[in-house]
Amino acid sequence: MNPVEETYRLIKKYDIHARKRFGQNFLTDSHVLEKITRASGVGEGDFVLEIGPGLGTLTRALCEKVSGTWDASDVGAEDPSPQKEARGHVLAVEIDYDLVDILEKEVMPLYPQLEVIEGDILKTDITEISKKYNNGKPIKIVANLPYYITTPIIMELLEGAAPVESITVMVQKEVADRMMAAPGDRDCGAVSLAVAYRAVPYLAANVPQNCFKPRPNVSSAVIRLDILDEPLVHTEDEKLMFKLIRAAFSQRRKTLVNAIAGSAELDISKDAALLAIQKVGLSPTVRGEKLDLKAYAKLADALRKS
Ligand code: SAM
C-alpha cells in the first residue's frame, strides 16, 4: 500500500480542500517521503511523535518503520499486517478535526501502533508525552510542518526543557537556511541561535514545490536537528537569554540597548541595559545580530544579577 497513492485516494474520496489556515500542503512524492523517513533515523521499536499527520502519508511510513515493515525499495508497497504484534508507537497530534476523523476511519485500523490526538502542538506538553509513552526518555519528533507556525514550533521545542532526541522536519527552504546560519551570517536570526544552543543541524534534502498538493509558493527542505546532551553555552537564566535574543532580532536595525529597552517581553530600562552591556565588555552601540551565543549568555547572567 503506497502512502502517496493512499493520500490521492483519500483526497478524492473525501473531496479534500486543503485548509490554508492550518498550513495544509499534503506530501505527494514518494522519494521525498523516503528521504524524510530515512533522515529521521526512526527504527524498529521506536516511539515517535508526529506533528500534523494530515491524511497520514508520513504517518503510514513511520508506522511501518517502527514496526519493521517499511520497504524502501518499493516505497511502502508492503501491506501492513494488523495481526502482527504492535511494535513501536507513533503518536500523531493533528489540529484539524475533519482530518482526525479520516485518520481514525482510514489509517488507524491498519496500524495498531498508531494513536492520533486532536490538538494544537503549541499547547501540547512534550515532557508529559515523553513520560507517558517513553519512560521520560528523549523522543524523536518528525513532521512536515505547517509553514505558518514553523518558527514558533521549533522555538518552543528548542527553548523548552522537553526531552527530545532529534527533530526531523520539512520546512520552508528559507527557514532551513536560517536554522543552519551561524552568528553574524546574513540569514542569522533568533531561530539560528536557538538551534546552535541545543542542536546540531543537518540538511537532509531540498524539496521542490511540485512535491505537494496544493503546491506551495516556496520551495522546502528537510532538516534534522540532533539535540545535544548539554546546551552549547551555560547561562543561569535560559528564559531571559531567549527573551534577549528575540528582542534583538525582532528589531535588528536598532542597537541592542534600544532593542532590549523597547521590548514588551522584557521589563528592562535603557540605563540597566546599557550598564549590563558595558559590564560584559560590549560596545554601547553594538547591534544584537553581531553577538554570538556566549555573549548572550553572559549578558543574561549580568542582567539577572542586576
Ligand atoms: N503530514 C501531512 C503530509 O505530509 O502530507 C500534512 C502536512 S501539512 C504541511 C501540516 C499539517 O499540520 C496539517 O495536517 C495541519 O492540519 C496540521 N497542523 C496545522 N497546525 C497545527 C497545530 N498547531 N498543531 C497540530 N497540527 C497542526
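Explain the pattern of salt bridges to me, and be specific about the residues and the numbers.
In total, this model carries 20 salt bridges according to the counting rule given. Notably, a salt bridge pairs R19 with D98, separated by 2.9 Å at the nearest N-O pair. With R19 in the loop between α1 (3-13) and β1 (26-27) and D98 in helix α4 (residues 97-106), this residue pair connects regions lying 79 residues apart in the sequence. Residue R19 is classed as partly exposed on the basis of its relative accessible area, which comes to 27%. Here D101 ties to K105 by a salt bridge, and the two come within 3.2 Å at their closest N and O atoms.

Could you give an account of the environment of I277, naming the residues involved and the relevant values?
Position of I277 among the secondary structure elements: in helix α11 (residues 270-279). Counting along the chain gives 41 residues from I277 to E236, while the straight-line C-alpha distance between them is 17 Å. Discounting chain neighbours no more than four positions away, the residues touching I277 are L256, V257, I260, L282, S283, P284 and L299.

Go over helix α8 (residues 190-198) with me, naming the residues and quoting the values.
Counting buried positions along α8 yields eight of nine residues, so the element is predominantly enclosed. Looking only at α8, the buried set comprises A190, V191, S192, L193, A194, V195, Y197 and R198. On the buried face of α8, the contacting elements are α6 (150-159), α7 (173-180), β7 (199-207), β9 (220-227), α9 (238-250) and α12 (293-305).

Tell me what's going on with the site of the ligand, and back it up with residues and numbers.
Every one of the 24 residues lining the ligand counts as a neighbour, but L27, G52, E94, D120 and N144 are closest to it. In this structure, a nitrogen atom belonging to the ligand sits 3.4 Å away from a main-chain N or O atom of I95. One of the backbone nitrogen or oxygen atoms of I121 is found 3.0 Å away from a nitrogen atom of the ligand. Coverage of the ligand by the protein amounts to 99% of the 600 Å² it exposes when considered alone.

Residue-level account of unusual backbone geometry, with values.
In this structure, P214 follows K213 across a cis peptide bond, with omega equal to -10°. Checked against the element boundaries, P214 lands in the loop between β8 (212-213) and β9. You will see that N135, though not glycine, has its phi angle at about 55°, which is positive. Structurally, N135 can be placed in the loop between α5 (126-134) and β5 (139-144). A relative accessible area of 70% means that N135 is categorised as exposed.

Can you tell me about the packing of α11 against α12, naming the residues and giving the values?
The relative placement of two packed helices is expressed as an angle between their axes plus a distance between the axes. Between α11 and α12, the least distance of the axes is 9 Å, while the angle of their chain directions is 125°. Between α11 and α12, the crossing angle belongs to the class labelled oblique. Pair α11 / α12 crosses with right-handed handedness. Of the residues in α12, those touching α11 at A272, A273, A276 and I277 are L299, A302 and L303. Residues belonging to the contact of α11 with α12 are distributed by class as follows: seven nonpolar, no polar and no charged.

Calculation criteria
Residues numbered from 1 in each chain as written. Predicted model: local features only at pLDDT ≥ 70, side-chain atom pairs only at ≥ 80, totals over all residues. Heavy atoms only, no water. Salt bridge = Lys/Arg side-chain N within 4 Å of Asp/Glu carboxyl O. Helix = DSSP H or I, 4+ residues; strand = E, 2+ residues; numbered from the N terminus. Buried < 20%, exposed > 50% of the residue type's maximum accessible area, 1.4 Å probe, protein only. Contact = heavy atoms within 4.5 Å. Near = heavy atom within 4 Å. Polar contact = N/O pair within 3.5 Å; in protein donor to acceptor, adjacent residues only side chain to side chain. Areas by Shrake-Rupley, 256 points an atom, 1.4 Å probe, with all protein chains shown as cover. Axes fitted to C-alpha atoms, helices over the stretch in contact; angles between N-to-C directions. Parallel < 35°, antiparallel > 145°, perpendicular 65-115°, else oblique. Left-handed = near helix turned anticlockwise from the far one by under 90°. Nonpolar A, V, L, I, M, F, W, Y, C, P; charged D, E, K, R; others polar.

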